[in-house]
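What follows is each chain in one-letter form.
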Amino acid sequence: MKQIRRIKYLYDLLRNSKYTYEMLLETFKKKRVTIGLRQLQRDIKDLELFLDKDERLVKNRGKDKILELEIKQQKTVNNLSFVETSIFKTPIDKKSLEIKTAFFNEAILKKLPIRIDKISNDTTSFNAEFKDTSFTLFPLKIIYHNFDYYIGCYIPKTKKFEIFEIKQLVRYRTLRKSKQYDNDKLLMRYNSYAKTLFGVTKNIDNNIYKIKLQFSSITGSYIEIFNWHHSQKFNKKDNTIIMTLECGINRELVGWISSWMYNVKIIEPPELKAYYDKAIKEIRQINKKDMLLYRNIFVEKQ
């Protein structure tokens, strides 16, 4: 039985009842599946990657202090039974998304490179560099961001870390495991790189900017209760709230600032102000024209 099928089997078992490691090993034995305790422990660890947002793996000491495992559904706030999820930005083809996410998840587990034969659209500004749509990537992380799934990866061709919205990757296949790259080291480097981004969008350059935004008190009071970037800091000034960040400038940052409309002001840096003003100018111009063509003014500086 392949690992992906073992994990699916473990998920079905633990979602319905409590099991000890000994009980799980015995269950696999009855199915004529040979698996040792250490492999089972690794499967249990990897199982957590497959859990839904409202599920968690619970480990408790039961009778005779024997470790018991089960998957529990997390309760909603105050266990309210009338909470309803809006349809806003929910995928139309959920099944296709689940299959694709499972494919990339398994490739990450097995540390397999993937050949992308076709990529479409421009969600994160990273695919703009590829003149040839066929390339190889090393998948490092699946990112759930702003109600969507993305792949954080390393591209040997460009020797850079990139992020793609998962539905951009249209045709793909796994390749043989490569000994040339150390996935654990790549993941550490990727994590450092990802911290330079606001969200998952490519920066305009390699610089880290000290960003200062001023929000009206009501808008700022709302913003400061959420995480937007690991570097964020807030303080009050003259009945307004100042937010500071240290990250790159990208399309997602300018779009996020724009979403607060007339309740935000860019204090610094001048580079961010320039891109913000340019975006507003482009919006005004496009609404005066009859033709609408896709544009991305946030491509990397040459």
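Throughout what follows, the structure given in this document is the object of discussion. Since the model is a prediction, treat every value here as computed from it, not as a measurement.

The next subject is the overall build of the protein chain. Regarding its fold elements, the protein chain presents 8 helices and 11 strands. Counting only C-alpha atoms, the protein chain reaches 70 × 50 × 35 Å along its principal axes. The buried share among the 302 residues of the protein chain stands at 40%. Considering only residue pairs separated by 6 or more positions, the protein chain has 62% of its internal contacts joining residues 24 or more positions apart. For the protein chain, the exposed surface amounts to about 19,900 Å²; the carbon and sulfur share of it is 51%. Computing the positive centroid from 59 side-chain charges and the negative centroid from 36, the protein chain places the two 4 Å apart.

A word on the packing of helix H7 (residues 251-258) against helix H8 (residues 270-286). For the pair H7 and H8, interaxial distance at closest approach is 10 Å and the crossing angle is 70°. By the angle between their axes, H7 is roughly perpendicular relative to H8. Crossing angle aside, the handedness with which H7 passes H8 is right-handed. From H7, Leu253, Val254, Ile257 and Ser258 reach across to H8, where they touch Leu272, Tyr275, Tyr276 and Ala279. Its residues placed into classes, the contact of H7 with H8 shows 7 nonpolar, 1 polar and no charged.

Viewed as axis vectors pointing N to C, helix H1 (residues 3-16) and helix H2 (residues 21-30) meet at an angle of 120°, and their least axial separation amounts to 12 Å. Taken together, the axes of H1 and H2 are oblique relative to one another. Remark: the crossing between H1 and H2 carries right-handed chirality. Of the residues in H2, those touching H1 at Arg6, Tyr9, Leu10, Leu13 and Leu14 are Leu24, Thr27 and Phe28. Partitioned by chemical class, the residues of the contact of H1 with H2 number 6 nonpolar, 1 polar and 1 charged.

Taking 1.5 Å per residue as the helical rise, H1 with its 14 residues ought to reach 20 Å, and the 20 Å between its terminal C-alpha atoms agrees with that figure. Considered for burial, the residues of H1 that qualify are Gln3, Arg6, Ile7, Leu10, Tyr11, Leu13 and Leu14.

Together, Tyr222, Ile225 and Phe226 make up an exposed nonpolar region whose accessible area comes to about 310 Å². Checked against the element boundaries, Phe226 lands in the loop between helix H6 (217-223) and strand E9 (233-237). Accessibility expressed as a relative area gives 33% for Phe226, which makes it partly exposed.

Within the open sheet, the 4 strands sit side by side as E9-E10-E8-E11. Their pairing is antiparallel. Single-partner strands in this sheet number two, and they are E9 and strand E11 (264-268). Averaged over all pairs of adjacent strands, the angle between their axes in this sheet comes to 25°, without regard to strand direction. With 8 bridges connecting them, strand E8 (residues 209-216) and strand E10 (residues 240-247) associate as antiparallel partners. Opposite Phe215, over in E10, you have Ile241 as the bridge partner. Lying over the sheet, H8 contacts E8 and E11, oriented at roughly 140° with respect to E11.

With that settled, the discussion passes to the environment of Ser125. Topologically, Ser125 is positioned in the loop between strand E3 (114-119) and strand E4 (135-145). Classification of Ser125 as buried rests on a relative accessible area of 4%. Non-local contacts of Ser125, meaning those with residues more than four positions away in its chain, are made with Thr201, Lys202, Arg251 and Asn296. Here the side chain of Ser125 touches Arg251 through a polar contact of 3.5 Å, side chain to side chain.

Attention shifts here to the environment of Arg6. Considering the arrangement of structural elements, one finds Arg6 in helix H1. Look at Arg6 and you get buried, because its relative accessible area is 10%. The residues touching Arg6, leaving out its near neighbours within four places in the chain, are Met1, Phe28, Val33, Ile35, Gln39 and Asp43.

Sheet architecture is open: 5 strands sit in the order E6-E5-E4-E3-E7, paired in antiparallel fashion. Taken across any chain shown, the strands that pair with only one partner, and hence form the sheet edges, are strand E6 (160-165) and strand E7 (169-174). Taken over all neighbouring pairs, the strand axes of this sheet differ in orientation by 40° on average, direction set aside. The pairing of E4 with strand E5 (residues 148-155) spans 7 bridges and is classified as antiparallel. Of the residues in E5, the one forming a bridge with Tyr144 is Tyr149. Running at roughly 55° to E4, helix H5 (residues 183-194) makes contact with E4, E5 and E6 of the sheet.

Analysis parameters
Residues numbered from 1 in each chain as written. Predicted model: local features only at pLDDT ≥ 70, side-chain atom pairs only at ≥ 80, totals over all residues. Heavy atoms only, no water. Helix = DSSP H or I, 4+ residues; strand = E, 2+ residues; numbered from the N terminus. Buried < 20%, exposed > 50% of the residue type's maximum accessible area, 1.4 Å probe, protein only. Contact = heavy atoms within 4.5 Å. Areas by Shrake-Rupley, 256 points an atom, 1.4 Å probe, with all protein chains shown as cover. Lys, Arg positive; Asp, Glu negative; His and termini not counted. Charge placed at Lys NZ, Arg CZ, Asp CG, Glu CD. Axes fitted to C-alpha atoms, helices over the stretch in contact; angles between N-to-C directions. Parallel < 35°, antiparallel > 145°, perpendicular 65-115°, else oblique. Left-handed = near helix turned anticlockwise from the far one by under 90°. Nonpolar A, V, L, I, M, F, W, Y, C, P; charged D, E, K, R; others polar. Expected span 1.5 Å × (residues − 1). Patch = residues over 30% accessible without salt bridge, like charges linked within 9 Å, V, L, I, M, F, W, Y side chains within 5 Å. Salt bridge = Lys/Arg side-chain N within 4 Å of Asp/Glu carboxyl O. Pairing = 2+ DSSP bridges. Polar contact = N/O pair within 3.5 Å; in protein donor to acceptor, adjacent residues only side chain to side chain.

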